[in-house]
Amino acid sequence: MSVLEIVGGILLIITCVLAIILCLFQDSKQQQNMTAAITGGANDSFYEKNEGRTKEAILRKITRVLLIALFVLTIAVNIVANYL
C-alpha cells in the first residue's frame, strides 16, 4: 500500500461518516395527501417560499457536495491503486 492509498482511504472514511451524519440530520419530506386537504394544509406557506434559505436546504446542498466528493474520491483511489 502506498501513502496515497492510505490517505485516500482515510478521506473516504471521513467523507462517508460526514455524509451519513448529514443525512441523519435532515428532516423527512411530508407527503401532501388527503389528510392535508382535510386538515387545511396550505400549499404555499412562508416556509415553502423561502425553502432555499432554510437549514434543511443548506444541509441538502452540503450533502450533495459531499456525495459528489465521495464519488470522485472513490474513483481517484481506485485509479491510484491500479496504477501503483
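Above this text sits the structure in question.
A brief structural summary. The model shown is predicted, which means the values in this text are computed figures rather than measured ones. (Residues numbered from 1 in each chain as written. Predicted model: local features only at pLDDT ≥ 70, side-chain atom pairs only at ≥ 80, totals over all residues. Heavy atoms only, no water.)

With that settled, consider the overall build of the protein. For the protein, the count of helices and strands is four helices and zero strands. Its helices and strands in sequence order give the protein the pattern α-α-α-α, from N to C terminus. With 84 residues in all, the protein has 19% of them scored as buried. Counting contacts in the protein only where the partners sit at least 6 residues apart, residues at least 24 apart contribute 78% of the total. (Helix = DSSP H or I, 4+ residues; strand = E, 2+ residues; numbered from the N terminus. Buried < 20%, exposed > 50% of the residue type's maximum accessible area, 1.4 Å probe, protein only. Contact = heavy atoms within 4.5 Å.)

A contiguous nonpolar patch, built from Ile 68, Phe 71, Val 72, Ile 75, Ile 79 and Tyr 83 and spanning about 670 Å² of accessible area, is present on the exposed surface. One can find Ile 75 in helix α4 (residues 55-83). (Patch = residues over 30% accessible without salt bridge, like charges linked within 9 Å, V, L, I, M, F, W, Y side chains within 5 Å. Areas by Shrake-Rupley, 256 points an atom, 1.4 Å probe, with all protein chains shown as cover. Salt bridge = Lys/Arg side-chain N within 4 Å of Asp/Glu carboxyl O.)

Looking at the secondary structure, you find Thr 15 in helix α1 (residues 3-25). Overall, the relative accessible area of 10% leaves Thr 15 in the buried class. When neighbours within four sequence positions are excluded, Thr 15 is seen to be in contact with Leu 66, Leu 70 and Leu 73.

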